[in-house]
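Next come the chains, spelled out residue by residue.
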Amino acid sequence: MSTYKVKRRDFLKITGLTGASAALAACDMPTTVTLEEGEEEVVSYLMPEEYVIPGIGVWYASTCQQCDAGCGIIGRVREGRVLKLEGNPVSPINKGALCQIGQAALQVHYNPDRLKQPKLRQEGKLIDVTWDDAFAALKSSIGPDSGLDGSRIAWLTGTVSGHQRVLMDAVSEAVGGASHYAHETLNDTVVDKVNADVYGSANVQYKIADAQSILSFGADFLSTWGSPVHNSVQYGQFRDAPRGVLIQAEPKMTVTGGSADLWLPVRPGTEGTLAMTIAAELVASHGADATKLPKAMADQLGQYSLDSSEAQTGVAASLVKQAANFLATRAPSLVIAGGTAAAHEHGYEAVTAAAMLNVLLGNVGKTIIPVADFPYPALAPKKGDTAQLAAFAKKAKAGDISVALIAGTNPAYTAPDQLDMAAALSAVKVKVAFTEFLDETSSMADIVLPLHSDMESWGTHVASYQVADPMISLQQPLMEPLYAETRSLGDTLLDVLKLYNAEQYGPFADYYAYLRNVVSAVPAVAKEGASDEAYWQAGLQQGMLKVTAPKPFPAAIATAANDDASDALVKSADTMGFVLPVYEKNKDYPLSLIPAASSRLGDGRFANLPWLQEAPDAITKIVWNSWVEMHPATALYYGFKQGDFVEVASAEGSVKAQIYLHKGINKDAVAVPMGQGHTEYGRYATGRGVNPLKMLATTSDVQTGELALCATRVTVVSTGRNEELVKMGGSESQVGRKLVGTITADQLRRV
Amino acid sequence: MTHGLIPGKVSQSNRHLAPREPVPAKAWGHVATRFNMLFGVLCVLLFFVGSAYAEVPNAVPPKGDHDGKHVEQPIDFPHDIHARDNKINCMYCHTYARRGLVAGIPPTSKCMGCHTVIATDKPRIKKLAEYWEKGESPKWKKVHDLPDFVHFNHEKHLNRFIFNNEGMEVERADEVCAFCHGEVKEMTVARKVKPLTMGFCRQCHEDNNGPSDCWKCHK
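Everything numeric in this text was worked out from a predicted model, so none of it was measured.

Draft legend 1. Layout of the overall build of chain A. On a plain count of helices and strands, chain A comes out with 27 helices and 26 strands. Taken across its 751 residues, chain A has 56% of its residues classed as buried. In chain A, the share of contacts with a sequence separation of at least 24, taken over all contacts with a separation of at least 6, comes to 73%. When the accessible surface of chain A is summed, it comes to about 30,500 Å², and 54% of that surface belongs to carbon and sulfur atoms.

Spelled out as structure tokens, the structure:
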């Protein structure tokens, strides 16, 4: 060490030389880090808007299209590019907030896997073609000269609303009676039906901010259910002093469950029993008036004792008493049900039982308010569900669909294998995909028409959950299209309509012209004295168009809001006999599978957005992968450890993933998150994790026919391999080192 | 108009956006820079001997010079005719300088504001009119460039030396611009005559009590 002395000066020389050779090696480094003259081009604006200053962003309002909640967004645009999205402060839906999925809409727009060129299937392969060639192919399939019976054409879409829906319906009519199937894996079909039957309207507003206590059955309303951002804003007010109490009953802890004061790990499928038990407890111990309930239900209350219920639901009697006590003493309360509670063979009954708690507690008209349907039914959302997809599959397999127009849904990925979408789609002669990405479904298509991203398109939308007065959300492009050979769905629909009815649609140069004209046609009453141009400009600035005031509640709803049980209530409960299921053990498949809705990847449609892949799951902190969530006691019983690779097998299929141990799950359940396991969805999603939807049984909710997502029983088998889970957050315990001191609430009270 | 500080150096002319094309670096750029630095040191010495800057109040002009090359531009824009002969204020055309990070190449519409009537028979103006007719802006070559990790703000400097500077008249803005851009009003197309290196910036910040936090410029 001491034989060769490096003096300070030598050291500097050596490091200097190293630096020089590094600079030599980096001769072709990007020009952006060098000082140079006359290399880069600068191009001035031709004729800029007065308010445009280079380097300073201008914010434009639009509407988020990542889900159907319809949050208002504002996008920062600088030098013609959209750089950042935020919530629109004037939107009554999200009031300036925006969730991570909304933020990640930028990555849809700038995604390197976006389709830039239309494709046609030739000799079994998808070949790049020009837009004109692709549209010519579409024209020969569904145009006036195709000679096709219009009823053999079918739309297969996600939830659609606004003028996009109007134009789809117009196309259906123009071709001669095409059918329209809307598919969403995560849907509220069961809840909507219960709301219609119990409250008299499928549309209800949950006044979370007005409640003092909330009991939610399976509805992850802060993250994946309903209008999550709106609910979260309301939740903030709910938690303000006096602090509201949140009770969450669900088999697998969701983000909402993680925020709850009292979390009830109910056994999957027994949520209805738990609701009835709480009702019985309210009547027995808190003087609730059972005569408010329909007779068929009131008569049954006696069957639900705390003890018998504990054996069924797995929720300790003391916790049920506590929950009932909160609800009774902290009025007004609010009971919400949905999500995993509705996803069973008797989901309708479970949600009804929960709704009856609102009736019993006198919440209807206070914290849960039935509202009229959207005043313009043609624009109202056509909500998707799996029942419609099953109907499509059945019709397709019978050979009754020749052309399928597919937009905004990916059934080849989300549908259970039992539905056999591959066979159904193969039976359709021409499949047309309107899409931004090649996914499992669009890669099976014959004509692939690449769409503008939501940052490049015009549109009007009506939120599936109307939070206040009815309004139409306005979507405007935040920048010019990135690619020359993509078009917006609205423009393409107009082009198809022009083939059929040039007189009516010919005058509209594009979708923008069509929408602008539609807004001109809005009755002057709705514009409240503003000129047409002022109304439009205000709409653009705010990202929404106010339409006429809401209709008063229909009479039936007003009755439901009264204390007495309405006709509607009695009818729904009595006609179905109101039988709640008894939890049955299954020897071969002992555990219930919860395909958990992901607050990051949704039903899988956001798996190609790296921001969401790398954002850790809120409960497990796992990134970029799938996992099997299991209670430590269950794992102990079966002999599994954290990180074990296991095979989760149902009678219909199986997936392999690593075990994540967590006490936030019912001991009779395992949860595998939705969203991963894509076989074709770009570089970020493909070949990553597993897709639990494929292995679901096609058990349906009896009353609505909707797929029961949580009704599949599975067995878990070890594969003998164990690896460390890749997750943020490292250790989950302090290993007895008391890094952060904690005391229990009881101790705190004594202090 | 775009700037080296801003990702995505693309045409804004008709808001048409194209993916960014990398520009190949000069292989011997760093050697040239070294030579220029030596040259700059000589120039600094010369500066002390003979330079006679107009006196901007409350300001010590930055020291250092650079012998920038002549850059070929699509139109030989004569700064001398505009700024010297006709005494047009720099900020009349570089209108963004006092409002934002970048000074901005003037929009073509601004050129045409005068040149639909002035000097319409001159070849350079005819060339400009051709661009205008086509609805395009000329593709100028950037003369004063900074690395992307340097955050330079024109607005802040103009406020310090012109607008919030007691005794300074806005009519003499060109004297402040000359701190970093040299006597542009004596040039036709602009040439880089100041080093715009970190030492150049730091010396000036020290002399004029400018901020010395790293993150003021590197963020």
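Draft legend 2. Region of the structure containing the sheet that holds strand β16 (residues 430-435) of chain A. Residues and elements named next belong to chain A. Strand order in this open sheet of seven strands is β6-β5-β17-β16-β15-β7-β8, and the pairing throughout is mixed. At either end of the open sheet lies a strand with only one pairing partner, and these are β6 (125-128) and β8 (179-182). Shown here is a sheet whose adjacent strand axes are inclined to one another by a mean of 20°, direction ignored. In terms of strand pairing, β16 meets strand β17 (residues 447-450) through four bridges, oriented parallel. Note that in β17 the partner of Thr-435 across the bridge is Pro-450. Sitting on the sheet, helix α5 (residues 162-175) is in contact with β7 (153-157), β8 and β15 (403-407), with an inclination near 165° to β7. Lying on the sheet, helix α14 (residues 386-397) is in contact with β7, β8 and β15; it crosses β8 at an angle near 135°.

Draft legend 3. Structural context of the confidence of the model for chain B. All names here are of chain B. Confidence in the prediction for chain B averages 80 pLDDT; 75% of positions are at 70 or higher. A low-confidence stretch, residues 1-32 stays under pLDDT 50, and its non-local contacts, those more than four residues away or across chains, total 80 contacts. Across residues 43-54, confidence stays below pLDDT 50; counting only partners more than four residues off in sequence or on other chains, it has twelve contacts.

Draft legend 4. Layout of the pairing of strand β3 (residues 72-78) of chain A. All names here are of chain A. Most of β3 sits out of view: six of its seven residues are buried. Two strands pair when backbone bridges link them, and strand β2 (residues 58-63) and β3 are joined in this way by six bridges, in the antiparallel orientation. Along β3, the bridge assignment pairs Thr-63 with Gly-72. The pairing of β3 with strand β4 (residues 81-87) spans six bridges and is classified as antiparallel. Paired with Val-77 across the bridge in β4 is Val-82. If you look at the hairpin formed by β3 and β4, you'll find two residues sitting between the two strands, and Glu-79 has a positive phi there, around 50°.

Draft legend 5. Spotlight on unusual backbone geometry. All names here are of chain A. Residue Ala-331 is joined to Pro-332 through a cis peptide bond whose omega torsion reads -5°. Topologically, Pro-332 is positioned in the loop between α12 (317-329) and β13 (333-337). A positive phi angle, close to 50°, is found at Glu-79, a residue other than glycine. Note that Glu-79 resides in the loop between β3 and β4. Judged by relative accessible area, which is 5%, Glu-79 ranks as buried. Although it is not a glycine, Lys-738 adopts a positive phi angle of roughly 50°. With respect to the helices and strands, Lys-738 occurs in the loop between β26 (713-722) and α27 (745-750).

Draft legend 6. Geometry of the pairing of β16 of chain A. All names here are of chain A. Most of β16 is tucked away: six of the six residues are buried. The two faces of β16 match: Val-430, Val-432 and Phe-434 on one face and Lys-431, Ala-433 and Thr-435 on the other face are all buried. Bridge analysis of β15 against β16 gives five bridges, and the strand direction is parallel. Across the sheet, Ala-407 pairs through a bridge with Phe-434, a residue of β16.

Draft legend 7. Structural context of the packing of aromatic side chains. All told, the structure shown has 15 aromatic pairs over all chains when counted by the stated rule. Between the aromatic rings of Phe-374 of chain A and Tyr-376 of chain A, the centroid separation amounts to 6.2 Å while the plane-to-plane angle is 55°, which identifies the pairing as tilted. Relative accessible area serves as the criterion here: at 28%, Tyr-376 of chain A is assigned to the partly exposed category. Ring geometry for Phe-161 of chain B versus Phe-179 of chain B: centroids 5.5 Å apart, planes at 85°, classification edge-to-face. Of this pair, Phe-161 of chain B sits in helix α6 (residues 154-163) while Phe-179 of chain B sits in helix α7 (residues 173-181); the two residues are 18 residues apart in sequence, bridging distant segments of the chain. Grouped by ring-pair contacts, the aromatic residues Tyr-206, Trp-225 and Tyr-465 of chain A constitute a single cluster.

Draft legend 8. The arrangement of the packing of helix α4 (residues 108-115) of chain B against helix α5 (residues 123-134) of chain B in detail. All names here are of chain B. Put simply, α4 and α5 touch, their axes get as near as 11 Å, and they point 130° apart. In terms of axis orientation, α4 runs oblique to α5. Both α4 and α5 take part in a crossing whose hand is left-handed. Here α4 contributes Thr-108, Ser-109, Cys-111, Met-112 and His-115 to the contact with α5, which in turn contributes Ile-125, Leu-128, Ala-129 and Trp-132. Among the residues forming the contact of α4 with α5, the class breakdown is six nonpolar, three polar and no charged.

Draft legend 9. Inspection of the pattern of salt bridges at higher detail. Residue and element names in this part refer to chain A. Under the counting rule described, the total for this entry stands at 37 salt bridges over all chains. Between Asp-446 and Lys-431 there is a salt bridge; the shortest N-O distance is 3.6 Å. Highlighted residues: Asp-446 in the loop between β16 and β17 and Lys-431 in strand β16, separated in sequence by 15 residues. Like Lys-431, Asp-446 is buried. Among the ionic contacts, a cluster of salt bridges with common partners joins Arg-516, Lys-527, Asp-532 and Glu-533.

Draft legend 10. Layout of the confidence of the model for chain A. Residue and element names in this part refer to chain A. In the predicted model, chain A carries a mean pLDDT of 89, and 91% of its residues have values of at least 70. The low-confidence segment residues 16-33, where pLDDT is below 50, has 21 contacts with residues more than four positions distant or belonging to other chains. Every residue in residues 552-567 scores below 50 in pLDDT, and together they form 21 contacts with partners more than four places removed in sequence or on other chains.

Draft legend 11. Here's a closer look at the packing of helix α4 (residues 131-142) of chain A against helix α17 (residues 489-500) of chain A. Residue and element names in this part refer to chain A. Between α4 and α17, the shortest axis-to-axis distance is 11 Å and the interhelical angle comes to 50°. Comparing their axes, α17 and α4 come out oblique. Considering the relative orientation of α4 and α17, their crossing is right-handed. Here α4 contributes Trp-131, Phe-135, Leu-138, Lys-139 and Ile-142 to the contact with α17, which in turn contributes Thr-492, Asp-495, Val-496, Leu-499 and Tyr-500. Of the residues that constitute the contact of α4 with α17, the class distribution is seven nonpolar, one polar and two charged.

Draft legend 12. Inspection of the environment of Thr-340 of chain A at higher detail. Residue and element names in this part refer to chain A. With respect to the helices and strands, the residue Thr-340 is situated in the loop between β13 and α13 (347-360). It is 7.8 Å that separates the C-alpha atoms of Thr-340 and Ile-594, two residues lying 254 residues apart in sequence. Excluding residues within four positions of it along the chain, Thr-340 makes contact with Gly-218, Glu-250, Pro-251, Glu-271, Ile-594 and Cys-710.

Draft legend 13. Main features of helix α9 (residues 271-286) of chain A. Residues and elements named next belong to chain A. End to end, α9 covers 21 Å across 16 residues, agreeing with the expected 22 Å (1.5 Å per residue, within 8%). The element α9 is largely enclosed, with a buried count of twelve among its 16 residues. Along α9, the residues that are buried comprise Glu-271, Gly-272, Thr-273, Leu-274, Ala-275, Met-276, Thr-277, Ile-278, Ala-279, Ala-280, Glu-281 and Leu-282. One or two steps after α9, the chain reaches Gly-287, where phi turns positive at roughly 70°.

Draft legend 14. Looking closely at the side chain of Thr-634 of chain A. Note on placement: Thr-634 of chain A falls in helix α25 (residues 632-638). Other than its neighbours up to four places away in sequence, Thr-634 of chain A contacts Leu-591 and Lys-667 of chain A.

Draft legend 15. Structural detail: α4 of chain B. All of the buried residues along α4 of chain B are Thr-108, Met-112 and His-115 of chain B. Mapping the buried residues of α4 of chain B onto a view down its axis gives an arc of 70°, with all of them on the same face.

Draft legend 16. Just the nonpolar core, in detail. Residue and element names in this part refer to chain A. Core analysis: the biggest nonpolar cluster contains 88 residues, and Tyr-206, Phe-217 and Ile-278 have the highest contact counts within it. Among the elements that line this core, the one with the most residues is α13, at nine residues. The contact partners of Phe-217, leaving out residues within four places of it in the chain, are Ala-249, Glu-271, Leu-274, Ala-275, Ile-278, Val-335, Ile-336, Ala-337, Gly-338, Ala-341, Ala-354 and Leu-357. Leu-120, Leu-138, Leu-493 and Leu-515 belong to the second largest nonpolar core, which has 36 residues in total.

Basis of the calculations
Residues numbered from 1 in each chain as written. Chains lettered and ligands numbered in written order. Predicted model: local features only at pLDDT ≥ 70, side-chain atom pairs only at ≥ 80, totals over all residues. Heavy atoms only, no water. Helix = DSSP H or I, 4+ residues; strand = E, 2+ residues; numbered from the N terminus. Buried < 20%, exposed > 50% of the residue type's maximum accessible area, 1.4 Å probe, protein only. Contact = heavy atoms within 4.5 Å. Areas by Shrake-Rupley, 256 points an atom, 1.4 Å probe, with all protein chains shown as cover. Pairing = 2+ DSSP bridges. Axes fitted to C-alpha atoms, helices over the stretch in contact; angles between N-to-C directions. pLDDT = per-residue confidence, 0-100. Phe/Tyr/Trp six-rings, centres within 6.5 Å; stacked < 30°, edge-to-face > 60°. Parallel < 35°, antiparallel > 145°, perpendicular 65-115°, else oblique. Left-handed = near helix turned anticlockwise from the far one by under 90°. Nonpolar A, V, L, I, M, F, W, Y, C, P; charged D, E, K, R; others polar. Salt bridge = Lys/Arg side-chain N within 4 Å of Asp/Glu carboxyl O. Expected span 1.5 Å × (residues − 1). Arc of directions from axis to C-beta. Core = buried A, V, L, I, M, F, W, Y, C linked by side-chain atoms within 4.5 Å.

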